[in-house]
Amino acid sequence: MNISVVIPLLNEEESLKELHDWIAKVMQSNHFSYEIIFIDDGSTDGSWNRIKTLSEHNNNVKGIRFLKNFGKSQALHAGFAKAEGDVVITMDADLQDNPDEIPELYKMITEDNLDLVSGWKKKRYDSVIAKNLPSKLFNWAARKTSGIKLHDFNCGLKAYKNDVIKNIDVYGEMHRYIPVLAKNAGFSNIDEKVVKHQARKYGKTKFGMNRFVHGFLDLVTIWFISKFGKRPMHLFGALGVIMFIIGFGFSFYLGIDKLFLNPEGRLITERPQFYIALATMIIGSQFFIAGFIGELVLRSKREKNRYLIKENIKL
């Protein structure tokens, strides 16, 4: 199979048929073998019934329905697990991503031997204050932190080699950082393509300003995991050693001063250096304990389902 199109969605009933017809037209005109996997992330409208209807008329349409809303990352994880195409395309269901970009994205993966191609919505039709400016700041921070030179990390329109999506774990709200996850897994041939951005035709956005706060927190998380996820003691142990050195230094100074330099001076407990020494040594101990706990968790963790599937179509 040439292409799998993975589409996570939440309450997008109005746009699904138009999106399906558009994708099917592109696939047929380019003679691609394909599948469309819709992942209904707990919709409360008629989205699932629309997916079932589309599946009855097109054998290439498949569906996954979550028991409730688990988030976009979990929806992508479920879709990636089922995708069979040599190239996997992800896009949003709101018609803001243009299916006409699919042939060129497919060509970049198959002919240019890229692992991942991320869309770049260079010209956007979103609110400048609410979305565009925060998005630019977010993408700047992501570039500086990850070292990946992409202009639009959060663009839903992306293309992947099948090997990439089968070897990365999209969890929490890490869908924003799939290129970083891919790079950390060893897939470094990453590029971008300017894609058309279209104004939302139906409904309203499911994401508010809080997504940027969550995005920056996730960025810190993924930076930490990429640096120290496999060796937490290296970070916490180093911080613990620094704290111990500071505490020991003050304790040594207090001991020498009291025993030899100024034995008739103030009591040690009346001097601020005593409390600095005490606090830093306690903090150092806590860092060491955190490192040990991290190592224990790392060695004992087990995989478990992060979402519950209510029903499938053809999967």
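The rules behind each value
Residues numbered from 1 in each chain as written. Predicted model: local features only at pLDDT ≥ 70, side-chain atom pairs only at ≥ 80, totals over all residues. Heavy atoms only, no water. Helix = DSSP H or I, 4+ residues; strand = E, 2+ residues; numbered from the N terminus. Rg over C-alpha atoms; globule rule 2.2 N^0.38 Å. Buried < 20%, exposed > 50% of the residue type's maximum accessible area, 1.4 Å probe, protein only. Contact = heavy atoms within 4.5 Å. Areas by Shrake-Rupley, 256 points an atom, 1.4 Å probe, with all protein chains shown as cover. Lys, Arg positive; Asp, Glu negative; His and termini not counted. Charge placed at Lys NZ, Arg CZ, Asp CG, Glu CD. pLDDT = per-residue confidence, 0-100. Patch = residues over 30% accessible without salt bridge, like charges linked within 9 Å, V, L, I, M, F, W, Y side chains within 5 Å. Salt bridge = Lys/Arg side-chain N within 4 Å of Asp/Glu carboxyl O. Phe/Tyr/Trp six-rings, centres within 6.5 Å; stacked < 30°, edge-to-face > 60°. Pairing = 2+ DSSP bridges. Axes fitted to C-alpha atoms, helices over the stretch in contact; angles between N-to-C directions. Core = buried A, V, L, I, M, F, W, Y, C linked by side-chain atoms within 4.5 Å. Parallel < 35°, antiparallel > 145°, perpendicular 65-115°, else oblique. Left-handed = near helix turned anticlockwise from the far one by under 90°. Nonpolar A, V, L, I, M, F, W, Y, C, P; charged D, E, K, R; others polar.

Okay, the overall build of the protein chain next. Helices and strands together make up the secondary structure of the protein chain, namely 10 helices and eight strands. A compact globule built from 315 residues would reach a C-alpha radius of gyration of about 20 Å, whereas the protein chain, at 26 Å, exceeds it by more than 25%. Across its three principal directions, the C-alpha atoms of the protein chain cover 95 × 40 × 40 Å. Scored against the burial criterion, the 315 residues of the protein chain give a buried share of 45%. A sequence separation of at least 24 residues applies to 81% of the contacts in the protein chain between residues at least 6 apart. Roughly 16,500 Å² of accessible area belongs to the protein chain as shown, and the carbon and sulfur atoms make up 58% of that amount. Looking at the protein chain, you have 44 positive and 35 negative side-chain charges, and the mean spots of the two groups are 3 Å apart.

Predicted confidence across the protein chain gives a mean pLDDT of 87, with 90% of residues reaching 70 or more. Confidence, expressed as mean pLDDT per element, reaches its minimum in the protein chain at helix α8 (residues 210-228) with 71 and its maximum at strand β4 (residues 87-90) with 98.

Take a positive patch on the surface next. Positive charge collects at one region of the surface, where Lys144, Lys149, Lys183, Lys227 and Arg231 lie side by side. With respect to the helices and strands, the residue Lys227 is situated in helix α8. We classify Lys227 as partly exposed; its relative accessible area is 40%.

All right, on to the packing of aromatic side chains then. Here the structure, examined in full by the defined rule, presents seven aromatic pairs. Residues Phe66 and Phe70 carry aromatic rings whose centres are separated by 5.7 Å and whose planes lie at 80 degrees to one another, so their mutual orientation is edge-to-face.

On to the sheet that holds strand β2 (residues 34-40). One open sheet accounts for eight strands, arranged β7-β5-β6-β4-β1-β2-β3-β8; its pairing is mixed. Among the strands making up the open sheet, the edge pair consists of β7 (190-194) and β8 (309-313). Each strand axis lies, on average, 15 degrees off the axis of its neighbour in the sheet, ignoring direction. Pairing of strand β3 (residues 61-66) with β8 involves four bridges; the strand directions are antiparallel. When the sheet's bridge partners are listed, Gly63 is paired in β8 with Ile313.

Before going further, it helps to spend a moment on a negative patch on the surface. Among the surface-exposed residues, Glu104, Glu111, Asp112 and Asp191 lie close enough to one another that they form a single negatively charged patch. Taking relative accessible area as the criterion, Glu111 reaches 58% and is therefore assigned exposed.

Grouped together as the largest cluster of nonpolar side chains are 35 residues, with contacts concentrated most on Val5, Ile7, Phe38, Ile89 and Met91. Elements with a contribution of two residues or more to this core: β1 (3-9), α1 (13-29), β2, α2 (47-57), β4 and α4 (102-110). The contact partners of Ile89, leaving out residues within four places of it in the chain, are Ile3, Ser4, Val5, Val6, Ile102, Leu105, Leu157, Lys158 and Ala159. Counting 34 residues, the second-largest nonpolar core is a separate cluster that includes Ala78, Val170, Met174 and Val180.

Counting buried residues in β1 gives seven out of seven residues, a clear majority hidden from the surface. Here β1 shows two buried faces, one formed by Ile3, Val5, Ile7 and Leu9 and the other by Ser4, Val6 and Pro8. Across seven bridges, β1 lies against β2 in parallel orientation. Within β2, the position partnered with Ile7 by the bridge is Phe38. Looking at chain direction, β1 and β4 are connected through four bridges and run parallel. Of the residues in β4, the one forming a bridge with Ser4 is Val88.

Another aspect to go through is the packing of α1 against α2. Viewed as axis vectors pointing N to C, α1 and α2 meet at an angle of 20 degrees, and their least axial separation amounts to 8 Å. When the axis of α1 is compared with that of α2, the two are roughly parallel. α1 and α2 meet at a crossing whose hand is right-handed. Of the residues in α2, those in contact with Glu13, Leu16, Lys17 and His20 of α1 are Ser47, Arg50, Ile51 and Leu54. Along the lines of polarity and charge, the residues of the contact of α1 with α2 split into three nonpolar, two polar and three charged.

The final tally for this structure, using the stated rule, is nine salt bridges. Lys17 is the partner of Asp21 in a salt bridge, and the nearest nitrogen-oxygen pair spans 2.8 Å. With Asp21 and Lys17 both in helix α1 and four residues apart, the pair spans about one turn of that helix.

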